[in-house]
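One-letter residues, chain by chain:
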Amino acid sequence: MAILREHIAARDKRLAELVALQAHDGAFYLESSALSWEITYPIKERLLIQPYLLIHEGIVIKRSQLNDDRWQEIDQDAGLPLLTWAQTCPILEEVMRFLPEDVKKIALSVRHLQISMLNMCLQSNAFKQLCESDFNLAWLFLGCAQQAQLPKEDIEHWLTRPRLDLLELVSGHREKWMLKWLRKVRASVGDVHEWQRLQKWLRDPQQAAYLNGFEQASVSFLQIMTLIDLPIDVRQWQGDLERVKPLSGKDVRSWLWEVKQVAGDVQRIGKALGIPAYSHFDRVRSFDGLKKRHDKWTKRLNKVLPQEDGLWGVFPKPPLEETQTIKPIRTFLALCKEGQRMKHCVSSYRQAIEQGESYIYRYMGEERATIELTCTDGTWSLGQIKGKNNSAPSADTLKSIQAWFDQYEGSMAAYQKRRRALMGRPNDVFFPMPPFVTESPLTAIETEQMFRIEQRYMNDHIQSTIEQIHNGERYVFRVDDPGKERVIEFECLDNERLNGNRWEVVNVVRRDGTRRQGDDDLLDWWLAMSEAEQGWTLLEQGE
């Protein structure tokens, strides 16, 4: 006992020294034996933390929030990953000293309810055993218990019940296979959004059954799989999935969009060849197998040419005017010859062209390429651009094709020019075009006057400067969400704004200078719903 008192005294001395070494405006203070911490980011709160002692049943925290300029004590889980922060904050590390390592390891698996998980493991052996055998079930159960404000006696009672009873409490179902699937899912970040997604999936047996086919997977990977609708079931592609699962979210989305594109081509080619739909993906067990089928059927399709170039094979009027290097393909015979010459499956687009869904052009500059235009709600946009054997064209070819398309009055570049003409104000200066096109509620700040007005409205919390935006280093967007107005700042990672660069989120801030949970959720959704070679996939969210 004397040795323990010496260790505690040494810990208290180190804690006092670390607090004293802070800057003069530091947020940590000592009040008797407790640590007071005033937080301004991501939320304005004050925490009174009692350094861990063996006589305590966990980390004792008193939480207060600023309400009408007065601190009001509230009785809720702090919702802050203190154990995670303690790994890089020496002051918090001292507060957490003497915690049992096994319990600390369990709590560090998640960020949402981290301290509650820690305290429950210290207070209840039954809950600790539940964490060791069914961690996700324990995490979901603790969250549901807090939402329902269950007293401690009821929580202990539930912990004595079978696992299926707990599953029914959190999901409304008591299927053994759902319990087994839950054991195979691992949290990526362990935040509140992943907690909500797990609960949502469990409440939908059909969704859970689909995700069960992916075996061991992270919540973030499964989330991407639910957002991208594939024409082929890839759950049997075990080799491909094992290779893709460890990749970043952006790379997973790029792979899935490539799968979707190739599978869509296989469906079109199969239909053109008269192959029944149920046989399009028969015995396809990998992405390589899908691409082999695509190439095999493409060669087969390119051998089938119409006998004559009559009216039967004439396509509708092209939507865009031709140039010396870009010519429309006006007949089915020409379309077949293009596919034969370029060795890809463009001849399978006949029906889409005749129905006004697509149009095909050939590019005859220094490099040969085939251009697809796609029509959505009467507006044309650039689709696929492919070289010989479906190769990717050079950057110069893509730039030349983009310049040709931007002259179309329905293109986004033309739309932006018209909108800027209406936005123009005397003595105002426009920034360069935004790196990607957005829609409400995300709006680009495109002029110097707009920037200055927004900077004043945001109380000077925007970090980017006018010079950085003009130089193509930064761009600022505003989120028009009533009561939650915020700006999102992006930084260019390679300063070549038109050559396939990437943009990263560097700041998300509200008027009061804070960033809160959920402020960047829309970005995740836009990323998942965007195509791999366009739009939002130019953006990578920063850590």
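Residues numbered from 1 in each chain as written. Predicted model: local features only at pLDDT ≥ 70, side-chain atom pairs only at ≥ 80, totals over all residues. Heavy atoms only, no water.

### Thoughts on unusual backbone geometry
Now for step 1: A positive phi is found at E215, a non-glycine position, where the angle reads about 55 degrees.
Now for step 2: Take E215: it is sitting in the loop between α12 (205-212) and β7 (217-218).
Now for step 3: By relative accessible area, which is 36% here, E215 ends up partly exposed.
Now for step 4: In the Ramachandran plot, D460 falls in the positive-phi region, its phi being about 60 degrees despite a non-glycine side chain. (Helix = DSSP H or I, 4+ residues; strand = E, 2+ residues; numbered from the N terminus. Buried < 20%, exposed > 50% of the residue type's maximum accessible area, 1.4 Å probe, protein only.)

### Description of the nonpolar core
Now for step 1: F127 and L290 are the most contacted members of the largest nonpolar core, which totals 91 residues.
Now for step 2: Setting aside residues no more than four positions away along its own chain, F127 makes contact with M117, M120, C121, A138, F141, L142 and L159.
Now for step 3: By size, the runner-up hydrophobic cluster in this structure holds 25 residues, among which are C336, V346, L373 and W404. (Core = buried A, V, L, I, M, F, W, Y, C linked by side-chain atoms within 4.5 Å. Contact = heavy atoms within 4.5 Å.)

### A few points about the packing of aromatic side chains
Now for step 1: Counted by the stated rule, this structure contains 13 aromatic pairs.
Now for step 2: With centroids separated by 5.7 Å and ring planes inclined at 50 degrees, the aromatic side chains of F405 and Y408 adopt a geometry described as tilted.
Now for step 3: By relative accessible area, F405 is classed as buried at 5%.
Now for step 4: Geometry around W158 places R161 over its ring, the cationic atom sitting 4.9 Å from the centre.
Now for step 5: Directly above the aromatic system of F287 lies the positively charged group of K291, at a separation of 4.6 Å from the ring centroid. (Phe/Tyr/Trp six-rings, centres within 6.5 Å; stacked < 30°, edge-to-face > 60°. Lys NZ or Arg CZ within 6 Å of the ring centre and 35° of its normal.)

### Some words on the confidence of the model for the protein
Now for step 1: Per-residue confidence for the protein gives a mean pLDDT of 81, with 83% of residues at or over 70.
Now for step 2: Confidence over residues 527-543 falls short of pLDDT 50; this stretch has 50 contacts with residues more than four positions distant or in other chains. (pLDDT = per-residue confidence, 0-100.)

### Observations concerning the state of the cysteines
Now for step 1: Evaluation of the coordinates by the stated rule reveals zero disulfides.
Now for step 2: As a non-bridged cysteine, C121 has C131 as the owner of its nearest cysteine sulfur, 3.9 Å distant. (Disulfide = S-S within 2.5 Å.)

### Comments concerning the pattern of salt bridges
Now for step 1: For the structure shown, the criterion picks out 26 salt bridges.
Now for step 2: Close ionic contact of K104 with E101 constitutes a salt bridge, the shortest N to O distance being 3.6 Å. Residue K104 and its partner E101 are located together in helix α4 (residues 101-107), separated by three residues, close to a single helical turn.
Now for step 3: For the salt bridge of R362 with E338, the shortest nitrogen-to-oxygen distance reads 3.3 Å. Within this pair, whereas R362 is found in strand β9 (residues 358-364), its partner E338 is found in helix α17 (residues 332-342), the two being separated by 24 residues in sequence. We note that R362, like E338, is buried.
Now for step 4: One network of salt bridges, in which partners are shared, links R161, D165, E168 and R174. (Salt bridge = Lys/Arg side-chain N within 4 Å of Asp/Glu carboxyl O.)

### Description of the pairing of strand β15 (residues 503-510)
Now for step 1: Of all the eight residues making up β15, six are buried; the element is thus mostly covered by neighbouring parts of the structure.
Now for step 2: As paired strands, strand β14 (residues 486-492) and β15 are joined by seven bridges and run antiparallel to one another. Considered in β15, the bridge of I488 is made with V508. (Pairing = 2+ DSSP bridges.)

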